[in-house]
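Given next are the chains, with one letter for each unit.
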Amino acid sequence: MKFNLNLASRRYINKRALLYGFIAALCMLLLFAGWELNTLIAGNNALQLNQQRLAETNRQLQRLRGEPIKTLSPEERATLEREFSAVADLLTLDAFRWTELLDRMEKMLPEGVSLKGFSPDYKKKSLNLIGDARSLKKMRLFLDRLLKNESFKQVYLKSHSRIKVRDYADNERDAISFSLQLEGVF
């Protein structure tokens with residue numbers, strides 16, 4: 001009996017495409033395995049670092065528990081309090097923004113009034129101003145603007161006097177020199 005082979009009924013398999021598919025799948029599997037290995041190594045290193053930090057913290061805690069707590073003598077305490085108060089004063093002085101105050105003053109100054117000097121007193125939280133005004137009306141306008149401003153608690157006119165000033169054209173004019181005290185500035 002003779003068997004005939006029918007080639008049309010046989011399934012055709014592209015061995016080359018199948019091989020490339022297996023190679024691509026193997027490469028993807030190797031890349032994924034490498035990524036997972038990298039993640040595992042990074043996690044292990046972080047765990048070791050945390051364990052070292054925990055051990056160091058435990059050693060410090062044991063050392064602190066074993067040593068007696070140091071108490072300060074009254075002289076050392078007074079010295080530290082003086083140093084702390086000096087630092088606190090410096091921080092308070094540094095926290096005040098002079099540019100903001102000068103900007104507010106510039107907006108309140110009417111034409112014909114100029115300020116010549118600022119003298120702060122941080123302990124009293126006040127500011128002394130010295131200035132000149134062309135006329136009494138200009139000085140009053142400036143005082144009114146200062147009094148309307150809610151950022152100052154009190155505004156005091158300490159002194160005022162008539163003086164002679166020279167303008168930009170070197171002409172002599174009458175003016176009023178004044179001195180103010182602003183409380184609640186700082």
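See the structure printed just above.
How each quantity is defined
- Residues numbered from 1 in each chain as written.
- Predicted model: local features only at pLDDT ≥ 70, side-chain atom pairs only at ≥ 80, totals over all residues.
- Heavy atoms only, no water.
- 1 Å grid on protein atoms, 1.4 Å probe; cavity = no way out; pocket = protein on both sides within 12 Å on 5 of 7 lines; lining within 4 Å.
- Points joined across faces, edges and corners; volume = space filled by probe spheres on them.
- Helix = DSSP H or I, 4+ residues; strand = E, 2+ residues; numbered from the N terminus.
- Pairing = 2+ DSSP bridges.

Chemist: Just to check I follow, could you spell out the layout of surface pockets for this structure?
Modeler: To locate leftover empty space, one rolls a probe as large as a water molecule over the atoms. By volume, the largest pocket is sized at about 280 Å³. The wall of the largest pocket is formed by 13 residues, among which Gly112, Arg134, Val165, Asp167 and Arg173 lie closest to the centre. Of all the elements in the fold, those that place two or more residues in the lining of the largest pocket are strand S1 (113–121), strand S2 (126–133), strand S3 (154–166) and strand S4 (172–183). With 3 residues, the top contributor of residues to the lining of the largest pocket is S4.

Chemist: Explain the pairing of S4 to me, please; I cannot follow it from the model alone.
Modeler: One face of the sheet, then the other: side chains in a regular strand alternate in exactly this way. Here 8 bridges tie S2 to S4, and the two strands are oriented antiparallel to one another. Looking across to S4, one finds that Ala133 is bridged to Ile176. With 12 bridges joining them, S3 and S4 adopt antiparallel strand pairing. Counterpart to Leu157 in the pairing with S4 is Leu180. Taken together, S3 and the strand that follows it, S4, pair antiparallel across an intervening segment of 5 residues, in which Asp170 is found at a positive phi of about 65 degrees.

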